[in-house]
Amino acid sequence: MAPERELIRGLHNLRSCHRGCVATIGSFDGVHLGHQAIIAQLNRRARELGLPSVAIIFEPQPHEYFSGEQAPARLMRFKEKVMALFDAGVDRVLCLQFNEKLRSLSAQGFIQRILVDGLDIGHLVVGDDFRFGCDRSGDYHLLQRVGQQAGFSVEDTATLEIRGERVSSTRIRAALEAADFELAETLLGRPYRITGRVAPGRALGRQLGAPTANVRLQRYRSPLVGVYTVRVSATRGPQLTAGRKAVDGVANVGFRPTVEGAGAQPLLEVNLFDFDGDLYGRELAVEFCHKLRDEEKFASLEALKARIARDIAEAKTWFAQNP
């Protein structure tokens, strides 16, 4: 019987019941079709060996640790990633805190402490370009050599290409930046969505004639910035509107330069059409359909209000043409 889905936060939470598994390691940002192919490969081998499958991830992601706010924008926040890995079929997710202690661990130390002493892996699935350890001396060949001595085997991951190019998080970010949502959906295997819980705001949208649900992005940077047509649904609980799975709307993603000062965090604001209800505390999934314009700074709130009215009219026209 397969183990129940389990998120393990940190090495200190590993127990004897977690020893013996088939594992893979990566950032898995977006859990796109390339990642899903790796997870399918992982799960096939886990079934063959009669062991649970484990995805090892890091928080923050290593490039965020080193680059901070200059790191590439996340495609999904931590919770979204964990749920997507479970949906792809992973039995367990081990999240390691990427800090100075882990960063300074040698390649041999990483293998011994995490893969052998911590998880006692039977098999590892990683790319042949995988590098690890404080000096990046750890690679596929080192894993193979140590594995022969420690009793685990290592397997190269599959590479997935679509339209002649490798599927990658970097390619998806470029597609989103270009507002090519069709390509992003093709690479992800699903429409691009941002999920998050609605938080209280300043009620400025109501003053501007467009009440909004405010969703904190919980990331340094957003892969999208601008004004978009969106379809919004609830991730759990009752539907937003009876008989309709999703509600059309218009969303602004960015820093609200007209009303916010320097240092503002990115925010997702959504105005739902033909909807009147309390969304505070609810978790929404916002699917992006089409870009209307870039984010702008206006000379006054009146100018912003007029532009928002135009955005809503243009969004409704787009939905009428793209039901």
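Described below are features of the structure shown in this document. (Residues numbered from 1 in each chain as written. Predicted model: local features only at pLDDT ≥ 70, side-chain atom pairs only at ≥ 80, totals over all residues. Heavy atoms only, no water.)

Some words on the overall build of the chain
Rule in force here: Helix numbering and strand numbering both begin at the N terminus, where a helix is a DSSP run of H or I of at least 4 residues and a strand a DSSP run of E of at least 2. Radius of gyration here uses only the C-alpha atoms, and the compact-globule reference equals 2.2 Å multiplied by the residue count raised to the power 0.38. Buried residues are those whose accessible area, probed at 1.4 Å on protein chains only, stays under 20% of the maximum for their type, while exposed residues exceed 50% and partly exposed ones sit between those limits. Two residues form a contact once any of their heavy atoms are found within 4.5 Å. Here, Shrake-Rupley sampling with a 1.4 Å probe gives the accessible areas, and only protein chains in the shown set may cover a residue.
Summing up its helical and strand segments, the chain has 10 helices and 14 strands in all. Computed over C-alpha atoms, the radius of gyration of the chain comes to 22 Å, within 12% of the 20 Å expected from 2.2 N^0.38 for 323 residues, which places it in the range of a compact globule. Each principal axis of the C-alpha atoms in the chain carries an extent, and together these give about 70 × 40 × 40 Å. The burial tally for the chain puts 51% of its 323 residues in the buried class. Taking as baseline every contact in the chain between residues at least 6 positions apart, the subset at least 24 positions apart corresponds to 74%. For the chain, the exposed area adds up to about 15900 Å²; of that, 48% sits on carbon and sulfur atoms.

A look at the sheet that holds strand S2 (residues 22–25)
Quick note on the threshold: Two strands pair under a simple rule: DSSP has to find at least two bridges between them. For helices, the fitted line uses only the C-alpha atoms of the stretch in contact; every axis is such a line through C-alpha atoms, and the angle between N-to-C directions lies from 0 to 180 degrees.
Read from one edge of the open sheet, six strands run S1-S4-S3-S2-S5-S6, paired in parallel fashion. Only two strands of the sheet have a single partner each, and these edge strands are strand S1 (6–9) and strand S6 (153–156). Going across the sheet, the axis of each strand differs from the next one's by a mean of 25°, ignoring polarity. Helix H1 (residues 33–49) contacts S2, strand S3 (53–59), strand S5 (123–126) and S6 of the sheet and is inclined by roughly 160° relative to S2.

A closer look at the sheet that holds strand S10 (residues 213–216)
Pairing within the closed barrel is antiparallel, and its six strands lie in the order S9-S10-S13-S12-S11-S14. The mean angle between the axes of side-by-side strands here comes to 45°, regardless of whether they run parallel or antiparallel. Bridging between strand S11 (residues 226–234) and strand S12 (residues 247–254) involves seven bridges; their strand directions are antiparallel. Across the sheet, the residue bridging to Gly226 is Val253, located in S12.

Overview of the pattern of salt bridges
Selection criterion: We define a salt bridge as a side-chain nitrogen of Lys or Arg found within 4 Å of a carboxyl oxygen belonging to Asp or Glu.
Counted by the stated rule, this structure contains 22 salt bridges. Between Arg74 and Glu59 there is a salt bridge; the shortest N-O distance is 2.7 Å. Here the residue Arg74 occupies a position in the loop between helix H2 (62–67) and helix H3 (78–87), and Glu59 occupies one in strand S3, the gap between them amounting to 15 residues. Take Arg74: its relative accessible area is 6%, and that puts it in the buried class. For Glu283, the salt bridge goes to Arg77, with nearest N and O atoms at 3.2 Å. Of this pair, Glu283 sits in strand S14 (residues 283–293) while Arg77 is found in the loop between H2 and H3, placing the two residues 206 residues apart along the sequence. A single burial state applies to Glu283 and to Arg77, both of which are buried. One connected set of salt bridges, linked through shared partners, spans Arg293, Glu296, Arg307, Arg310, Asp311 and Glu314.

Thoughts on the pairing of S14
Burial analysis of S14 places eight of its 11 residues in the buried class, the great majority of the element. Pairing of strand S9 (residues 193–199) with S14, which is carried by five bridges, proceeds in the antiparallel orientation. Bridging across to S14, Arg193 finds its partner in Glu287. Where S11 and S14 come together, eight bridges link them in antiparallel fashion.

Examining the state of the cysteines
Two cysteines, two sulfur atoms, one covalent bond between them: this is a disulfide. We apply this condition: The disulfide criterion used throughout: a pair of cysteine sulfur atoms within 2.5 Å.
For the coordinates displayed, the defined rule picks out zero disulfides. This cysteine, Cys95, is not joined by any disulfide, and Cys21 carries the nearest cysteine sulfur, 16 Å off.

A word on the side chain of Arg171
For clarity, the cut-off: Working convention for charge: Lys and Arg count positive, Asp and Glu count negative, and His plus the chain ends are omitted. Two N or O atoms form a polar contact when they lie within 3.5 Å of each other; inside protein one atom must be a possible hydrogen donor and the other a possible acceptor, and for residues adjacent in sequence the pair counts only when both atoms belong to side chains.
Examined against the element boundaries, Arg171 turns out to sit in helix H7 (residues 169–177). Comment: no salt bridge for buried Arg171; closest opposite-charge side chain is Glu165, at 4.0 Å. In this structure the side chain of Arg171 is engaged in a polar contact, spanning 3.0 Å, whose partner is the backbone oxygen of Ile162.

Some words on the environment of Leu7
Relative to the elements of secondary structure, Leu7 occurs in strand S1. For Leu7, a relative accessible area of 30% gives the class partly exposed. Taking C-alpha positions, Leu7 is 20 Å from His123, a pair spaced 116 residues apart along the chain. Ignoring anything within four residues of it in the chain, the contact list for Leu7 reads Phe78, Val82, Phe86, Val93 and Cys95.

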